[in-house]
Each structure stands twice: as structure tokens, then as C-alpha cells.
Amino acid sequence: MVNWPLEIVRAVLLTAAVFTFMAVVAAMFGVLLERKVGGWIQSRLGPKHVGPQGLLQTVADTIKLLQKEHIEPRAADRAIFNTAPLVVAVAGLMSWVVIPFGTLGDRVLVVRDLNIGVVFFAAMASLTVVGILAGGFASNNKYALLGGLRSASQMISYELPLAMALIAVAMEAGTLSTVGIVEAQAGWFGSFAFRQFPAFVIFLIAATAEVNRVPFDLPEAESELVAGYFSEYTGMRFALFQLGEYGEMFAMAAMATTLFLGGWKGPVLPGVVWFLLKMYLIVFLLMWVRWTYPRYRLDQLLNLSWKVLLPAGLVWILITGYRVTF
Amino acid sequence: MLLVDWLYVGVFLVVGLAMAALPLAVVWALAPRLAQPQKRTTYESGVVPFGQAWAQFNVRYYLFSLVFVIFDVEVIYLYPWSIVFRQYGRYAFFVMLIFVGILLLGLIHAWRKGALEWT
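Now for a look at the structure at hand. Bear in mind that the values here come from a model prediction, so they are computed numbers and not experimental data.

Further remarks concern the overall build of chain A. A tally of regular secondary structure across chain A gives 13 helices and 2 strands. A compact globule built from 326 residues should have a C-alpha radius of gyration of about 20 Å, and chain A, at 20 Å, falls within 12% of that. Its C-alpha atoms put chain A at 60 × 50 × 45 Å along the principal axes. Burial statistics for chain A: of 326 residues in total, 60% are counted as buried. Taking contacts inside chain A between residues at least 6 apart in sequence as the whole, the part at least 24 apart equals 75%. Only carbon and sulfur atoms are counted for the fraction: they give 69% of the accessible area of chain A, which is about 12400 Å².

Quick look at the structure:
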């Protein structure tokens, strides 16, 4: 029997915990980490004045943003303009439902081990595009509209290679549950980063494009589109876009850890520590790429997805199917 | 158990929205509201905005989304296949080979017709 009131209370508490984790670890310190890594790569110091070594910089920024006026352009579509940032923020949060953080005794720490976890993740990851497109369109600003449209075409293009990588892993593991996939990877060389190396590469490239990061940051391309789809957003609504974006980026890194790097598994240290270490490794990789490479053109970007990654993903699915069947 | 799973998803959606809206309530309470009409004009690099942004845009975006729909539907079929194909052995593999083959032909067709070119 299910104790419904208890389950609801637990669900609410878990949501609050995961949301706080996302807001503090992913968004606040993710932004700080990004600036620190960027500073380090470009031989600068990065933020260092607020708090020890600039640790409280983003906290100060958030407090500042809380006091900023919310400006609505007269020409904008009010209702859509105001709800779009919420959609992006919640889409970033939802992906975390299926990600296993580690183990506590015999129990796996995961919000819910859905039996279609991988499909759920793909669905939630692509929900962001709705918020971005709505925000860009409702702003009634030419830069924002172009940013939103570019983002939509980019995200739907890279969703397919992403799904191909997910399917290849699900075939190898024989399950769509994220916990099941982690358990199917035993030992160092059992992790799917080796057995599914092409899928790993495809996943990393598609994930970078899905979260609109350099070298695929055309939607916000600050040198040509001002700030892309959030050109017209001010204060906290702008911050919600950032929150959703960084939440999504950390979710992608966490998913790469789960699918390819063996999730919470590892010797000596507790599972949660291993999970965080691997996740930050991927996050660092994404940041390293951001501060190293220039931006793609739109046609190059679409070519890479449709003419390289998509056929490669399909062929890799067939190869995996052949290997598993025969 | 299945119902409990989706209860969690539903609660995540509702409570997540509420938590995301919370800072907006703080902004509503704290932030200043100064009525200056110029502030609410659309940003267009400092010049007076020219017309609306809701105008025609490149049809290519639409074309790509059409091709996307075809392949996204295919992906939906691949997900269930990916976990049960072991049980059916060679049969399932060859059936999927034909299915993916037809789709690859479709991709080549779209490619040759120029649907995947931006310029």
C-alpha cells in the first residue's frame, strides 16, 4: 500500500532540495566556476573581491538582481513574455528527477528511478526550447526573434544525435532505467565510455549544442545578436534563464556521468563523491571548450548535425545491434 | 509503484514552478517601479525601432523542423526496440535494419534535394 500523504510530503521536500542544489551548486557556483576557469585559461584572476577569493561574487550578483526593476517592453506579448523564463528554469530542474547521485547503504540516491528514465531525460532536455522560442518570439525584438529561431533549429537538430547516443547505450545495457544503466557498467573498463566510445563522443557534442554553449552558442551570439533570445529580459527573469541554462548544463554533465562514466561507482571514496568528481570533470571539459574555441556558423552547425552526427549515430546503433545480437 | 513515480514528477513540476516564481515575488515586493515610457521601448541598438519583429523570416527554419519531425518519430520507434530486441534475436535485428535503412535512404533523398543546405 502507498501512503499518499507521506509520499507527497517527501516529494515536496525532495523538489525543494533538488531545486536548491541546482540554484546554489549549478547556477551560483557554476557561474563563478565558469568565470574562474575562464580567468585561469586567459591568464587573468577572475572575480576575487567579494568574499575570500571571490567566492561570494554570484551571491552578491543575485542579491543585486533581486532589487532590479522588471521592464516589460510595450510591444511584447505580456503573458508569454513573463512565463517563458519559468518554463526554462523548470525544464532545467525536471531532468534531475532521473539522475542517480550515489548510494546510501543499499539504497540508490535518486529522486525516482523511472523505468523510462532515459526517454524522460531526453524529453525534459528538449523542453527548454519551448521556453527559449516563446521568450524570443514574445519579446517582439528582432535580435530576440532571431536568437529564438536559431536556438529552435539548433536544438531540434542536435536532439536527434543525442537520442541516438541514448538509444545505443540503452541497447548495450538492455534497460532504459538510469540506475539499471549504471549497474550494467562494472569495473573501470566496463564503463560505457569505452564500449560505447562513439556514442560518448556524439553525446558530448550534442549536449554542448543542446545547452547552447560555445562553439554552438549562436542563439545568444553576443557579438551579433546582443544577447539573443533574452535581449529584452531584465533582472530576475534574466537570472531565471541563466538558472535554467546552468541547471541544464549540469544535468547534461550528470547524465554523461551516469551513462558513460559509471555514475556513482568507484573505489574507496563514497559514491556521492565519485559522482560529483566525474560530473565536475565533464563540466570542466565543457568550460574548457567554451574558452578555447570560436563560434560555428549556422550552416556549419547544421551540417555537422545532419550530415555527420546523425548518420554516424544511426550506423553506430546498427553496429551495436549487430554486436549484441550475434 | 508506477503511479508514485509520476506523482513525484508532477510534484516536481508544480513545486518547481512555485520555487522559480518565488524570486519573482521578491522582485515584485522589493524592486523599484519608475514610470518612464522610454524605458519600455523595444531595444534596437539605440535607434528608434523600425516596424515589428513579428514579420516574415527565413523558410529554412521551417524546412529543418519538418525533417526533424520525420526523424523524431523514428527515434520514438527505436526506444522500445532498443530494450526488447535481445529477446527476439536475429529477426528483430534485421527488421530494424530494414527500418533504419529506409530512413537513411530518406535522409540521402533530403540531402540530395538540398533540404539540408542552409545557403
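Examined against the element boundaries, Asp5 of chain B turns out to sit in helix H1 (residues 2-30). Taking the relative accessible area as the measure of exposure, Asp5 of chain B reaches 10% and is therefore buried. For the pair Asp5 of chain B and Ile83 of chain B, spaced 78 residues apart in sequence, the C-alpha separation works out to 20 Å. Residue contacts for Asp5 of chain B: discarding those within four places in its chain leaves Arg112, Asp113 and Leu114 of chain A. A distance of 3.0 Å separates polar atoms of two side chains, one belonging to Asp5 of chain B and the other to Arg112 of chain A.

Listed per partner, the contact involves 86 residues of chain A and 70 residues of chain B. In this assembly, chain A packs against chain B so that about 7300 Å² is buried in total across both faces, 76% of it on carbon and sulfur atoms. Viewed at the interface, chain B and chain A are joined by 1 salt bridge. Of the charged contacts in the structure, one is a salt bridge between Arg112 of chain A and Asp5 of chain B, with a shortest N-O distance of 3.0 Å. Here chain A and chain B share 4 residue pairs in polar contact (both at pLDDT 80 or more) between them. Looking at the side of chain A that touches chain B residue by residue, the classes come out as 57 nonpolar, 12 polar and 17 charged.

Burial of nonpolar side chains together is a common tendency in soluble globular proteins. Ranked by internal contacts, the top residues of the largest apolar core, which has 124 residues, are Trp96, Phe203, Leu259, Phe260 and Trp306 of chain A together with Tyr79 of chain B. With 16 residues, helix H6 (residues 142-173) of chain A is the largest single contributor of residues to this core. Sequence-distant contacts of Trp306 of chain A, defined by excluding residues within four places in its chain, comprise Ser157, Leu160 and Pro311 of chain A together with Phe64, Val67, Phe68, Phe71, Leu107 and Leu116 of chain B. Core analysis: the next-biggest nonpolar cluster, separate from the first, contains 14 residues, Ala76, Phe81, Met155 and Tyr233 of chain A among them.

Relative orientation and spacing of two packed helices are given, respectively, by the angle between their axes and the distance between those axes. Residue and element names in this part refer to chain A. Remark: helix H1 (residues 4-41) packs on helix H2 (residues 57-66), axes separated minimally by 8 Å, with the N-to-C direction vectors making an angle of 125°. Overall, the two elements H1 and H2 adopt an arrangement that is oblique. Pair H1 / H2 crosses with right-handed handedness. Residues Met28, Val31, Leu32 and Arg35 of H1 lie in contact with H2, whose contacting residues are Gln57, Thr58, Val59, Asp61 and Thr62. Grouping the constituent residues of the contact of H1 with H2 by class yields 4 nonpolar, 3 polar and 2 charged.

This part covers a nonpolar patch on the surface. Residue and element names in this part refer to chain A. Taken together, the side chains of Val24, Phe29, Leu55 and Leu56 make up a nonpolar region of the molecular surface, amounting to roughly 300 Å² of accessible area. When you line up the elements, Val24 lands in helix H1. For Val24, a relative accessible area of 33% gives the class partly exposed.

Moving on, we get to H2 of chain A. Note: α-helices contain 3.6 residues per turn, so residues at a spacing of three or four share the same orientation. Listed as buried for H2 of chain A are Gln57, Thr58, Leu65 and Leu66 of chain A. Its buried side turned inward, H2 of chain A meets H1 and helix H11 (235-260) of chain A together with H1 of chain B.

In this section: unusual backbone geometry. Residue and element names in this part refer to chain A. If you check the backbone angles, Ser43 has positive phi at about 55° while not being a glycine. What makes Ser43 exposed here is its relative accessible area of 70%. In the Ramachandran plot, Asn140 falls in the positive-phi region, its phi being about 55° despite a non-glycine side chain. Checked against the element boundaries, Asn140 lands in the loop between helix H5 (128-138) and H6.

Below, the discussion takes up the environment of Ala163 of chain A. Within the element layout of this structure, Ala163 of chain A appears in helix H6. Remark: the alpha-carbon pair of Ala163 of chain A and Val118 of chain A, spanning 45 residues in sequence, is separated by 9.0 Å. Each residue touching Ala163 of chain A, except ones within four places of it in the same chain, is listed here: Val75 and Tyr79 of chain B.

Attention now goes to the pattern of salt bridges. All names here are of chain A. Applying the stated rule across the entire model yields 7 salt bridges over all chains. For Glu34, the salt bridge goes to Arg290, with nearest N and O atoms at 3.6 Å. Here Arg290 lies in helix H12 (residues 271-290) and Glu34 lies in helix H1, a separation of 256 residues in the sequence. Residue Glu172 pairs with Arg195 through a salt bridge whose shortest N-O separation is 3.2 Å. Highlighted residues: Glu172 in helix H6 and Arg195 in helix H8 (residues 192-195), separated in sequence by 23 residues. Classification of Glu172 as buried rests on a relative accessible area of 12%. The class of Arg195 is partly exposed, set by a relative accessible area of 35%.

Here the focus is helix H2 (residues 60-112) of chain B. Residues and elements named next belong to chain B. In this model, H2 (53 residues) spans only 16 Å end to end at C-alpha, well below the 78 Å of a helix rising 1.5 Å per residue. At Tyr88, H2 shows its maximal kink, close to 130°. Just past H2, the residue Gly114 takes up positive phi, approximately 85°.

Here is what the cut-offs are and how they apply
- Residues numbered from 1 in each chain as written.
- Chains lettered and ligands numbered in written order.
- Predicted model: local features only at pLDDT ≥ 70, side-chain atom pairs only at ≥ 80, totals over all residues.
- Heavy atoms only, no water.
- Helix = DSSP H or I, 4+ residues; strand = E, 2+ residues; numbered from the N terminus.
- Rg over C-alpha atoms; globule rule 2.2 N^0.38 Å.
- Buried < 20%, exposed > 50% of the residue type's maximum accessible area, 1.4 Å probe, protein only.
- Contact = heavy atoms within 4.5 Å.
- Areas by Shrake-Rupley, 256 points an atom, 1.4 Å probe, with all protein chains shown as cover.
- Polar contact = N/O pair within 3.5 Å; in protein donor to acceptor, adjacent residues only side chain to side chain.
- Buried area = accessible area lost by both parts, 1.4 Å probe.
- Salt bridge = Lys/Arg side-chain N within 4 Å of Asp/Glu carboxyl O.
- Nonpolar A, V, L, I, M, F, W, Y, C, P; charged D, E, K, R; others polar.
- Core = buried A, V, L, I, M, F, W, Y, C linked by side-chain atoms within 4.5 Å.
- Axes fitted to C-alpha atoms, helices over the stretch in contact; angles between N-to-C directions.
- Parallel < 35°, antiparallel > 145°, perpendicular 65-115°, else oblique.
- Left-handed = near helix turned anticlockwise from the far one by under 90°.
- Patch = residues over 30% accessible without salt bridge, like charges linked within 9 Å, V, L, I, M, F, W, Y side chains within 5 Å.
- Expected span 1.5 Å × (residues − 1).
- Bend = angle between axes of the 7 residues up to and from the residue.

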